[in-house]
Amino acid sequence: MSDAAPVSSGVSPAARPGALVLTDIRRGFGDGHTRIEVLRGVDLSIAAGEIVALVGPSGAGKSTLLHIAGLLERPDSGEGMIAGERCAGGTVRSTMAETITRLRPKRSPRS
């Protein structure tokens, strides 16, 4: 288990607009005394066009956070928003897929 500090900018993600906003994301694996809490209250806001590097030691939860941000995995608790659309924390995978579909640019039919 890692003792890495939660990812936080010191400003509540709800107070900052962003293309991706994660609030109080929590995720653990296992049960009972073998449970490992990988993400403990992560807050993150990334603006449209912003380039971000996620670095940390092995086992710190980088991949888990990216899987949650990419809607590949659900957090145990917390909320996620992409372009203002709620898409994590209690929603089902099909709803997350519908969110992605709504956010994709519409293509015009080829002539």
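For the structure, see preceding data.
Participant: Mind laying out unusual backbone geometry, listing which residues take part and the relevant values?
Facilitator: Here the phi dihedral of Asp24 falls at roughly 50°; this positive angle occurs in a residue that is not glycine. For Asp24, the position within the fold is in strand β1 (residues 20-29). Positive phi, close to 65°, is recorded for Leu71, a residue that is not glycine. Relative to the assigned elements, Leu71 resides in the loop between α1 (62-69) and β3 (77-82).

Participant: Any details on the pattern of salt bridges? Residues and values, ideally.
Facilitator: Throughout the structure, instances matching the rule amount to six salt bridges. A salt bridge links Arg27 to Glu73; its shortest N-O distance comes to 2.9 Å. Taken together, the residues Arg27 in strand β1 and Glu73 in the loop between α1 and β3 connect sequence positions 46 residues apart. Take Arg27: its relative accessible area is 16%, and that puts it in the buried class. The partner of Glu37 in a salt bridge is Arg35, and the shortest N-O contact between them spans 2.6 Å. On the basis of relative accessibility, which here comes to 28%, the residue Glu37 falls in the partly exposed class. Residue class for Arg35 comes out partly exposed when judged on its relative accessible area of 31%. One salt-bridge network, in which partners are shared between bridges, spans Arg27, Arg35, Glu37, Glu73 and Asp76.

Thresholds applied
- Residues numbered from 1 in each chain as written.
- Predicted model: local features only at pLDDT ≥ 70, side-chain atom pairs only at ≥ 80, totals over all residues.
- Heavy atoms only, no water.
- Helix = DSSP H or I, 4+ residues; strand = E, 2+ residues; numbered from the N terminus.
- Salt bridge = Lys/Arg side-chain N within 4 Å of Asp/Glu carboxyl O.
- Buried < 20%, exposed > 50% of the residue type's maximum accessible area, 1.4 Å probe, protein only.

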